[in-house]
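Here are the chains, one letter per residue:
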Amino acid sequence: MEKDIVKTKWFTVRVQPNREKGISETIMNEIEKGNLKEVYKTLVPIETLVSVKDGKRVKREKTLYPGYIFVEASAYGELEYILKNIHGATGLLKDRSGKVIPVRQSEIDKMIGSVEKAKTPEQLSTFLTNEVVMIIDGPFNGFKATVNEVNKTKVVVSVSIFGRITKMDLDLIQVDKIKE
């Protein structure tokens, strides 16, 4: 059966925290083997966070819904059966009466949208030339600086150090607007 012909729904699978990716991959492997004919794909919403540590950019991934993955299926019967055999999966999310609750498509679209936003290149900053900003990371943390130039991921600022104006290149995440 083709997915286009069959009406599908998204279901929430409860899993052990920090095992979301592995269990999702296990389910996808079962689909590829042909063991899950009514299941089509899985979704683990992940956000990529960028920070500066010791002067270097560090990227890390954060699961948006720890302990849950989302599965698209036309029926959940065989999915429930397979989940019983996957270590770390605790079952489908159900209401108080024991009925499986499908996730609304609008909620899935929001999740997919937020995942795609996290993967897009960093947006142009909202810093303006000659704007005064605060350096929030690095050896000049806490210094005020004046923006000279803005690129996609960098900003060139002028900082007064011992009475002399010094230009320096910083990552966008190393400066912040001054809150008044």
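Preceding this section is the structure that the text describes.
Scoring rules and cut-offs
- Residues numbered from 1 in each chain as written.
- Predicted model: local features only at pLDDT ≥ 70, side-chain atom pairs only at ≥ 80, totals over all residues.
- Heavy atoms only, no water.
- Phe/Tyr/Trp six-rings, centres within 6.5 Å; stacked < 30°, edge-to-face > 60°.
- Core = buried A, V, L, I, M, F, W, Y, C linked by side-chain atoms within 4.5 Å.
- Buried < 20%, exposed > 50% of the residue type's maximum accessible area, 1.4 Å probe, protein only.
- Helix = DSSP H or I, 4+ residues; strand = E, 2+ residues; numbered from the N terminus.
- Contact = heavy atoms within 4.5 Å.
- Salt bridge = Lys/Arg side-chain N within 4 Å of Asp/Glu carboxyl O.
- Arc of directions from axis to C-beta.
- Pairing = 2+ DSSP bridges.
- Axes fitted to C-alpha atoms, helices over the stretch in contact; angles between N-to-C directions.

K.L.:
For this particular structure, what's the right way to read the packing of aromatic side chains?
P.N.:
Any two aromatic rings considered together are summarised by their centre-to-centre distance and by the angle between their planes. Counted by the stated rule, this structure contains three aromatic pairs. Ring plane angle 85° and centroid distance 5.8 Å describe the contact between Tyr65 and Phe70, whose orientation is recorded as edge-to-face. Between the aromatic rings of Phe140 and Phe143, the centroid separation amounts to 5.5 Å while the plane-to-plane angle is 85°, which identifies the pairing as edge-to-face.

K.L.:
I tried to follow the nonpolar core on my own but got confused; where do I start?
P.N.:
Grouped burial of nonpolar side chains is what soluble globular proteins tend to show. Of all hydrophobic cores here, the largest spans 20 residues; its most connected members are Ile27, Val39, Ile69 and Leu83. Residue assignment for this core shows that the elements contributing at least two residues are strand S1 (9-15), helix H1 (20-33), strand S5 (68-73), helix H2 (77-84) and strand S6 (89-92). Setting aside residues no more than four positions away along its own chain, Leu83 makes contact with Val13, Ile27, Ala89, Gly91 and Leu92. Among the nonpolar cores identified, the runner-up in size contains 13 residues, and Ile135, Ala145, Val155 and Leu172 belong to it.

K.L.:
What's the story with the pattern of salt bridges in this structure? I'm lost.
P.N.:
Once the charged atoms of two side chains with opposite charge are near each other, the side chains can pair. Summed over the entire model, instances satisfying the criterion amount to seven salt bridges. Here Glu80 makes a salt bridge to Lys94, at a shortest N to O gap of 3.0 Å. Of the two residues, Glu80 sits in helix H2 while Lys94 sits in the loop between S6 and strand S7 (102-103), which places them 14 residues apart along the sequence. For Glu131, the salt bridge identified is with Lys177, shortest N-O distance 2.8 Å. Taken together, the residues span a long stretch of sequence, with Glu131 in the loop between helix H3 (105-119) and strand S8 (132-135) and Lys177 in strand S12 (residues 175-177) at a distance of 46 residues. Since its relative accessible area comes to 18%, Glu131 is described here as buried.

K.L.:
I'm lost on H2 in this one. Help?
P.N.:
Inspection of H2 places Leu79, Ile82 and Leu83 among the buried residues, and these make up the whole buried set. Projected down its long axis, H2 shows its buried positions confined to an angular sector of 100°, all on one face. Facing away from the buried side of H2 by more than 90 degrees, the exposed set consists of Tyr81 and Lys84. Buried residues along H2 sit in contact with S1, H1, strand S2 (39-43), S5 and S6.

K.L.:
Would you mind going over the sheet that holds strand S10 (residues 154-161) with me for this structure?
P.N.:
Within a sheet, each strand pairs with its neighbour through backbone hydrogen bonds, oriented either parallel or antiparallel. An order of S11-S10-S9-S8-S12 is seen for the five strands of this open sheet, with the pairing classed as antiparallel. Among the strands making up the open sheet, the edge pair consists of strand S11 (164-171) and S12. Strand-to-strand twist of the sheet, defined as the mean angle between neighbouring strand axes without regard to direction, takes the value 45°. As judged from the three bridges shared by S8 and strand S9 (residues 144-150), these two strands associate in the antiparallel manner. Paired with Val132 across the bridge in S9 is Thr146.

K.L.:
Explanation requested: unusual backbone geometry in the structure shown.
P.N.:
The phi torsion of most residues other than glycine is negative, and most of the peptide bonds are trans. Phi is positive for Asn130, which is not a glycine, with a value near 70°. When you line up the elements, Asn130 lands in the loop between H3 and S8. Residue Asn130 is classed as exposed on the basis of its relative accessible area, which comes to 61%. Non-glycine residue Phe162 carries a positive phi angle of around 55°. Looking at the element boundaries, Phe162 is found in the loop between S10 and S11.

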